[in-house]
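These are the residues of each chain, in order.
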Amino acid sequence: MKTSIIGYPRVGSLRELKFQTEKYFRQEITEEALQKTARQIRQSQWQLQAVNGIDFIPSNDFSFYDLLLDTAVLFNIIPERYRNLGLSELDTYFALARGYQGDKGDVKALPMKKWFNTNYHYLVPEIDDQTEVKLIGKKPFLEYEEAKELGIETQPVVIGPFTLLKKLRYVGSQKAEDYVQAICVAYQDFLKGFQSLGTGWVQFDEPNVVYDLSQEDIHLLQKLYSEILAQKGEVKVLVQTYFGDVKDCYEELLALDFDGIGLDFVEGRQNFDLLDKHSFPKDKLLFSGLINGKNIWRNNYQLTLEKLQAWQDRGIKVVLNTSSSLLHVPYSLKHEEKLKTTYRKHFAFAEEKLEELRDLKALIQSEKYVKDARYLKNQALFENRPDSYNPQVRQRTSAITEDLFTRQPAFGEREKIQKEAFNGPILPTTTIGSFPQTQEVKKNRSDFKKGKIDQATYEAFNRQKIKECIALQEELGLDVLVHGEFERNDMVEYFGEQLDGYVFTEKAWVQSYGTRCVKPPIIWGDISRSQTMTVKWTTYAASLTEQPVKGMLTGPVTILNWSFPREDISLKESAYQIALAIRDEVLDLEAHGIKIIQVDEAALREKLPLRKSDWYSEYLDWAIPAFRMVHSGVQASTQIHTHMCYSEFTDIIPAIDAMDADVITFEASRSNLLILDALKANHFQTEVGPGVYDIHSPRVPSVEEIKTALYKMLDKIPIEKLWVNPDCGLKTRGEKETKGSLSHLVQAVKEVRNENKGSI
Ligand code: GLN
Ligand code: ZN
């Protein structure tokens, strides 16, 4: 039996690529220096995989920003406004990813969206009638050869044509079907390039086939691959699927001329049934994704070996694979110095997963694996999980009743009461919570963590920052203020650290987008809150100003979705445990005089099941109640806000309304305000703050630009329901552009208020 992985993380095991890339953005290093770091990362990872005996080692899974963007650029899908900047190849690429503002021009970044049900973001490539789709890039070929020079044969990976066509944004009159011919030729040329290099296998990632597919989708898939594969020559092609099952196209995939089919058996449980029901051709390889690519728990060797054995007994040629790219897990446990062995031995990050693959390959070849030490050690992990059960928590969740899910009085009545209590201007302005996390802010936290400064010094610094932040917001003229979140490293980790039941890592970073990484905490056991988590900072900020200060919490669904979840209890059970803890915090903030409380659910949408038919039954039916439980205890006059990032929630608007928040702020500027129509059509009742500018880019929007956005919003949203705010928190931005952007925001609102005096 052979082993394979779908892809490896690429920011570097200590985030070397992130730091170098950011230096490059600040023009502190040359492209050559950046390329050198990139090369070192790729090479050390290939070598690590080779040492662990991985038989199918991917290449071109490296990216400076995003794999889908790489694929678009590879095939010349680059809108003219980016080409026209006349930048170098790499800088054009970065302009697509982050926007560009400088002496060569001013363009926004491409929109960014969450990659399936992960917290990774991809860039949405844009195609227009002028685009000539053809192979122009060299990256996959160069990286393949780079590995080859090290004596390592790799399997180049690219996003496949079906997923690419599905993910493109068509801005001209042409649609997907108009590009099919050109796409086929481009992918054929891609294969031909590898034929001439003598490459053994190429991997086409086709995660889009795990969605519900229409008849047209299936035809498209068949058309693309029957043409492309006709030209594959000596190169063997693996079609790799992940994040779900392929029940809509299983037989069609088998009928196409692929040499290998990659299936996800972790999230795609139904793939087991498909394989049981239908035969699997003897002349193809089954790349079986049994090692979870998205979670950090050790694989259960017994279960995996049983499956592998059963397939082998049926004569299926199996390759043991990960269920998805390892991009979604941290690099290595090696860097975790503080993690206790009792916990640690239960985890496998990317590097440890390579070791699991190595172990399993050895075990399946041995007759008596049940006596093997590696096997026995693994089995013991599943018999004993210390510190994971808390009887008080279980008692509380089992006592949850319906009334805990319902806030009284109903929205309309509350809205009136709150408007009176607030007594502010129309189009109230606010921010999403965080202010720039400057070097000093980060240093203060890390010095405290490392014990270099004492608690008093640490807190004094934060109080000083809060003071400056409140003063700045007053000076800018914002209406609802925030304390700035200087004490927070990350919106989930911060809460995780204060809740019981979590386990923490030091260096376990996972890429979120571009150079941004997150460090998801691990839900180890039952969750509870032993003391207040935010009251101290929020009340301090409130004491400095007459304006309302918004309390800032992360919601239970987001905390859960951005943590590595348990696999021994249900997600619903975990969500309810967290919801009860956050509910206690909400009530404490209210008791301390905080009248507006924002509960961020930035990640609510991302774990929506990929198939629509599962949305409510598998997710929303507990996710929405979990949120409602958080705020159902507050008074009518307390205003509950929620915030979502990158929410393409057009299709779940009723569910969002059912969260029963009073105000929701969300990302809108990058997606051209499309959501507004949907809000209107659905008679959305919650007040809304669609972001008026994109905070993921350093460019400063002009007053005019913001006014234009506001007027577009006012076309669709009654003025008394509209809030004005940036897209998301400002923590990744510099102080200067933050000030610039917010002052433009306030100025734009002033002008719009003046121009609309008559209408209110
Ligand atoms: N309140 C958080 C912040 O402003 C929200 C971040 C987010 O939505 N990702 O940073
Ligand atoms: Zn956000």
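Residues numbered from 1 in each chain as written. Chains lettered and ligands numbered in written order. Predicted model: local features only at pLDDT ≥ 70, side-chain atom pairs only at ≥ 80, totals over all residues. Heavy atoms only, no water.

Looking at helix H17 (residues 411-422)
Side chains that are three or four residues apart share a direction in an α-helix, a result of its 3.6 residues per turn. Rules: In this description a helix means any DSSP run of H or I spanning at least four residues, a strand means any run of E spanning at least two, and both kinds are numbered starting from the N terminus. Multiply 1.5 Å by the residue count of a helix minus one, and that product is the helix's expected span. Throughout this description, buried means an accessible area under 20% of the type-specific maximum (1.4 Å probe, protein chains only), exposed means over 50%, and partly exposed covers the range between. The arc in question is formed by the directions pointing from the helix axis toward the C-beta atoms.
Between its first and last C-alpha, H17 extends 16 Å over 12 residues, near the 16 Å set by a 1.5 Å rise per residue. Considered for burial, the residues of H17 that qualify are Phe411, Arg414, Glu415 and Gln418. What you see down the axis of H17 is that its buried residues fit within an arc of 105 degrees, all on one side. Facing away from the buried side of H17 by more than 90 degrees, the exposed set consists of Lys416 and Glu420. Residue asparagine 423 follows H17 closely and has a positive phi angle near 50 degrees.

Points about the environment of glutamine 309
Quick note on the threshold: We call two residues contacting when some pair of their heavy atoms lies within 4.5 Å.
Among the secondary structure elements, glutamine 309 is positioned in helix H12 (residues 301-313). Each C-alpha atom, one on glutamine 309 and one on isoleucine 364, is 7.7 Å from the other, the two residues being 55 residues apart in sequence. Not counting the four nearest positions on each side in its chain, glutamine 309 is found in contact with Ile364 and Tyr369.

Describing the side chain of glutamate 601
Put simply, the test is: By the counting scheme adopted, Arg and Lys are positive, Glu and Asp are negative, and His together with the chain ends is not counted. Just to be clear on terms, a salt bridge is a Lys or Arg side-chain nitrogen sitting within 4 Å of an Asp or Glu carboxyl oxygen.
Here glutamate 601 is to be found in the loop between strand S20 (596-600) and helix H24 (615-631). Of the buried charged residues, glutamate 601 lacks a salt bridge, with lysine 114 as the closest side chain of opposite charge at 10 Å. Once residues lying within four places of it in the same chain are set aside, the contact partners of glutamate 601 are Gly555, Pro556, Val557, Thr558, Phe627, Thr642, His643, Met644 and Met659.

What about the site of ligand 1?
So the rule is basically this: Whether a residue is near a molecule or strand depends on its heavy atoms: if one lies within 4 Å, it is near. Side-chain atoms alone can form a polar contact between residues adjacent in sequence; in general such a contact is a pair of N or O atoms within 3.5 Å, and within protein one must be able to donate a hydrogen while the other accepts it. With residues, only the protein chains shown are counted as cover, and all accessible areas are computed by Shrake-Rupley using a 1.4 Å probe.
Taken together, Ile432, Gly433, Ser434, Glu485, Met491, Met552, Asp600, Ala602, His643, Cys645, Cys728 and Gly729 make up the full set of residues adjacent to ligand 1. Contacts to ligand 1 include glutamate 485, whose side-chain N or O atom sits 2.9 Å from a nitrogen atom. For ligand 1, whose accessible area on its own is 300 Å², the fraction buried by protein is 93%.

Description of the packing of helix H1 (residues 16-25) against helix H2 (residues 31-51)
Going by this rule: All axes are obtained by fitting lines to C-alpha atoms, using only the stretch in contact for helices, and the reported angles, taken between N-to-C directions, cover 0 to 180 degrees. An angle below 35 degrees is treated as roughly parallel, one above 145 as roughly antiparallel, one from 65 to 115 as roughly perpendicular, and anything else as oblique. Any residue that is not Ala, Val, Leu, Ile, Met, Phe, Trp, Tyr, Cys, Pro, Asp, Glu, Lys or Arg is counted as polar, Gly included; the first ten are nonpolar and the last four charged.
Running from N to C, H1 and H2 point in directions that differ by 170 degrees, and their axes come no closer than 10 Å. By the angle between their directions, the pair H1 and H2 is classed as roughly antiparallel. Across from Glu16, Leu17, Gln20, Thr21 and Tyr24 in H1, the residues of H2 making contact are Glu31, Ala33, Leu34, Thr37, Ala38 and Ile41. Residues of the contact of H1 with H2, tallied by class, amount to 6 nonpolar, 3 polar and 2 charged.

Things to note about the pattern of salt bridges
In the structure shown here, the tally under the stated rule is 57 salt bridges. Across the pair aspartate 217 and lysine 166 runs a salt bridge whose closest N-O atoms are separated by 2.6 Å. Separated by 51 residues along the polypeptide, aspartate 217 in helix H9 (residues 215-229) and lysine 166 in helix H7 (residues 161-167) bring together distant segments of the chain. Residue classification places lysine 166 among the partly exposed residues on the basis of a relative accessible area of 37%. Look at the salt bridges and you will find they share partners, linking Arg42, Asp70, Lys139, Glu143 and Glu146 into a network.

A few points about the coordination of the zinc ion (ligand 2)
In plain terms, the rule: Donor selection uses N, O and S atoms within 2.8 Å of the metal (3.2 Å for Na, K and Ca). Since no water is included, sites may look incomplete. Square planar and octahedral sites, with four and six donors, are those where opposite donors lie more than 155 degrees apart and all other angles lie between 65 and 115, tetrahedral sites have four donors with every angle between 85 and 135 degrees, and the rest are irregular.
Summarising the metal site, the zinc ion (ligand 2) is bound by the protein donors His643 (NE2), Cys645 (SG) and Cys728 (SG), whose distances to it range over 2.1 to 2.2 Å. Considering all 4 donor atoms around the zinc ion (ligand 2), angles at the metal cover 85 to 124 degrees and the coordination shape is irregular. Mapped onto the polypeptide sequence, the residues donating to the zinc ion (ligand 2) form the spacing pattern H-x1-C-x82-C. With a gap of 85 residues between them, histidine 643 in strand S21 (residues 639-644) and cysteine 728 in the loop between helix H27 (703-716) and helix H28 (735-755) connect regions that are remote in the sequence. Exposure class is identical for histidine 643 and cysteine 728. Each is buried.

Focus: unusual backbone geometry
For the bond running from glutamine 408 to proline 409, omega is -10 degrees, close enough to zero to count as cis. On the secondary structure map, proline 409 appears in the loop between helix H16 (391-398) and H17. At arginine 15, a position not held by glycine, the phi torsion is positive, near 60 degrees. Note that arginine 15 resides in the loop between strand S1 (2-3) and H1. Residue classification places arginine 15 among the buried residues on the basis of a relative accessible area of 17%. Positive phi, close to 55 degrees, is recorded for aspartate 387, a residue that is not glycine. Mapped onto the elements of the fold, aspartate 387 is located in the loop between helix H15 (373-381) and H16.

As for the nonpolar core
Where a protein is soluble and globular, its nonpolar side chains tend to be buried together. Applicable threshold: For this analysis, a nonpolar core means a set of buried residues of the types Ala, Val, Leu, Ile, Met, Phe, Trp, Tyr and Cys, connected via side-chain atoms within 4.5 Å.
With 137 residues, the main nonpolar core has Leu165, Phe204, Trp311 and Phe347 as its most contacted residues. For this core, the element with the highest residue contribution is helix H8 (residues 176-197), accounting for 10 residues. Residue contacts for leucine 165: discarding those within four places in its chain leaves Tyr170, Ala176, Tyr179, Val180, Ile183, Leu220 and Leu224. Ala579, Ala602, Ile624 and Ala709 belong to the second largest nonpolar core, which has 104 residues in total.

Some remarks on helix H6 (residues 139-149)
Every buried residue of H6 is listed here: Pro140, Phe141, Glu143, Tyr144, Glu146 and Ala147. Looking at the packing, one finds that the buried side of H6 touches H2, strand S2 (57-59), helix H3 (67-74), strand S8 (154-159) and H8. Glycine 151 occupies a position one or two residues after H6 and carries a positive phi of about 85 degrees.

With respect to the state of the cysteines
Let me state the cut-off plainly: In this description, the term disulfide denotes a pair of cysteine sulfurs within 2.5 Å.
Under the definition given, this model contains 0 disulfides. Cysteine 184 takes part in no disulfide bond, and the closest cysteine sulfur to it belongs to cysteine 249, at a distance of 17 Å.

Quick notes on the UniProt feature "binding site: Zn(2+)" (unreviewed entry) in the protein chain
Short version of the rule: UniProt positions are given in the numbering used here, feature names are shortened, and annotations may be inferred rather than shown by experiment.
Summarizing the sequence annotation, UniProt attributes the feature "binding site: Zn(2+)" (unreviewed entry) to His643, Cys645, Glu667 and Cys728 in the numbering used throughout. The greatest C-alpha distance among the residues just named is 8.6 Å, despite their covering 86 residues of sequence, which places them together in space. Take cysteine 645: it is sitting in the loop between S21 and helix H25 (653-657). Since its relative accessible area comes to 9%, cysteine 645 is described here as buried. In this structure, glutamate 667 sits in the loop between strand S22 (663-666) and helix H26 (675-681). Exposure remark for glutamate 667: the relative accessible area of 4% places this residue in the buried category.

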